[in-house]
Amino acid sequence: MLTARNVLVGGLLLRAGMLLYGLWQDANMTVKYTDIDYNVFSDAARFVWEGGSPYQRSTYRYTPLLAWVLTPNAWLHPTFGKWLFVACDCVVGALVARIVQERGMSEQRAAAYSALWLLNPQVANISTRGSAESVVCAAVMAALYAIQRRQIVLGSMLFGLAVHLKIYPIIYALPLLVVLDRSAPEARLIAPPAWPKASSSGNNKIKSGSRLKGWVNAHRVCFFIVSASVFFLLSTAMYCMYGQEFVHETYLYHVARKDHRHNYSMWFLPIYLTFRSPASVAMGLLSFLPQAVVVAVLGFAYGQDLYFAAFAQTFAFVAYNKVCTAQYFMWYMCFLPVIWPYNSQRLVTKGLVLLGVWFGTQALYLQQAYRLEFLGENTFAPLWLAGLVIFAANNWVLQQIIASQRVVPLFGPSGHVSSQPLVKKSQ
């Protein structure tokens with residue numbers, strides 16, 4: 001019988017095997033298995049262990065907290081970080097099973113959906129190569145799960161930690177604030193207080209006051225205060241130790257980042273061509289506008305279905321981002337097993353079509369990237385066109401998922417977790 005435990009063990013064995021194979025490949029082959037970022041993490045951890053700053057390692061663009069956690073790389077074993085990332089991967093898988101079970105799914109079906117993450121070779125490859133994305137994914141999923149269980153303080157603390165680790169989870173603040181309308185039986189339901197129909201100046205003030213009162217409740221205030229406190233406490237502690245360098249490398253760098261290396265983003269070539277020009281900074285900031293609008297609209301529109309809102313937001317965030325690499329896909333893939341039970345697309349038919357388009361456009365890009373990197377051919381224009389195709393394909397895939405998704409509020413009218421029937425898959 002398929003159980004969550006069996007899938008979890010299988011996922012752990014898969015990652016252990018890939019990690020051990022990676023050690024062999026690193027020792028015997030020219031092309032290394034380990035991601036270059038893992039070497040950056042390890043070097044930064046060694047500097048911290050020796051009493052220095054993690055930013056002594058060039059290209060370290062993360063919170064010092066990550067380097068601290070990875071100090072056993074310096075004094076215990078170089079693969080400690082990879083095993084930690086594997087453990088975080090497994091935590092995400094275990095949380096997926098719990099989330100869908102508490103929403104009314106049987107253990108066997110919950111195990112099958114958790115396998116979409118735990119037995120996914122792409123996910124396993126990213127974590128075993130040494131990418132730290134699984135740490136952020138685990139923090140995010142744990143935060144949302146705590147909110148689902150109406151543990152507002154714990155969820156808020158974990159959310160503050162997730163945003164400190166990497167700034168992108170801040171986009172989930174909007175759907176979290178929306179869903180906290182129904183986070184407990186005593187919380188106010190979705191409908192705001194009725195507005196007065198009169199249009200006089202005095203009544204307009206009453207209208208605005210009623211609207212504000214409708215949005216402010218104890219759960220939202222608690223979420224804001226606790227999550228902000230955790231974020232600022234951690235950030236203040238890091239600032240006291242590492243100064244402005246921490247603020248720049250961890251946060252500001254990513255806002256004004258100009259990446260001239262080719263990547264899946266449609267923005268890479270315009271930024272590359274204007275890299276030495278002041279216009280590139282403006283172009284990088286300009287790329288945030290459509291991204292911010294789309295992400296905000298999705299978060300507000302689907303906020304009551306917390307996990308689907310987070311998936312749609314993250315998918316759009318990555319698709320519209322000015323830098324896009326394979327590691328970023330993990331940010332939304334962790335939500336897919338949670339939202340797919342409420343999608344009418346059949347996983348083995350239409351789901352494979354969506355997956356084929358998603359992978360096929362990436363293969364088109366990688367073909368051009370191979371010609372550039374290994375054959376020395378000038379394929380910048382085809383690379384940019386392939387990036388545009390990826391962007392269009394991602395928008396189409398997201399539209400297809402949204403169109404066939406049954407939006408199920410996380411909390412029912414009573415304030416308890418909604419356990420509505422799952423969607424019957426279309427043929």
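Quantities reported herein were computed from a predicted structural model and do not represent experimental measurements. Sequence order as written defines the numbering, with residues in each chain counted from 1. With the structure being a predicted model, the display of local features is reserved for residues of pLDDT at least 70 and the display and counting of side-chain atom pairs for 80 or more, all residues being used for whole-chain, interface and lining totals. With hydrogens and water excluded, all non-hydrogen atoms of the structure serve as input to the side-chain values.

One side-chain nitrogen of Lys or Arg within 4 Å of one carboxyl oxygen of Asp or Glu is enough to make a salt bridge. Under the counting rule described, the total for this entry stands at nine salt bridges. Between Glu133 and Lys166 there is a salt bridge, with its nearest N and O atoms 2.8 Å apart. A residue pair is termed long-range when its members are at least 10 positions apart, and Glu133 in helix 8 (residues 133–148) and Lys166 in the loop between helix 9 (152–165) and helix 10 (173–179) qualify at 33 residues. Pair check on accessibility: Glu133 and Lys166 agree, each one buried. The residue Glu377 makes a salt bridge to Arg371 at a minimum N-O spacing of 2.7 Å. Owing to a relative accessible area of 31%, Glu377 belongs among the partly exposed residues under this scheme. Put simply, DSSP H or I for four residues or longer makes a helix, DSSP E for two residues or longer makes a strand, and each gets a number counted from the N terminus. Burial here depends on accessible area, computed with a 1.4 Å probe over protein chains only, as a share of the maximum for the residue type. Under 20% is buried, over 50% is exposed, and the range in between is partly exposed.

Stacked, tilted and edge-to-face pairs are distinguished by plane angle, under 30 degrees for stacked and over 60 for edge-to-face with tilted covering the rest, among Phe, Tyr and Trp rings (Trp via its six-membered ring) whose centres lie within 6.5 Å. With the rule as written, the count across this model stands at 30 aromatic pairs. Where Phe159 meets Phe223, the ring centres are 5.3 Å apart and the plane angle is 45°; that geometry is what we call tilted. With Phe159 in helix 9 and Phe223 in helix 12 (residues 218–242), the pair connects residues that are 64 residues apart, well separated along the chain. The pair formed by Phe159 and Phe223 is uniform in burial state, with each residue classed as buried. For the ring pair Trp358 and Phe359, a centre distance of 4.9 Å and an interplane angle of 70° mean the geometry is edge-to-face. Using a relative accessible area of 8% as the deciding quantity, one classes Trp358 as buried. Taken together through their ring pairs, the aromatic side chains of Tyr264, Phe311, Phe315, Phe329, Tyr332, Trp358, Phe359 and Tyr365 make up a single cluster. The rule is short: NZ of Lys or CZ of Arg within 6 Å of the ring centre and within 35 degrees of the ring normal puts a charge over the ring. The ring of Phe47 has Arg46 lying over it, and the distance from NZ or CZ to the ring centre is 5.2 Å.

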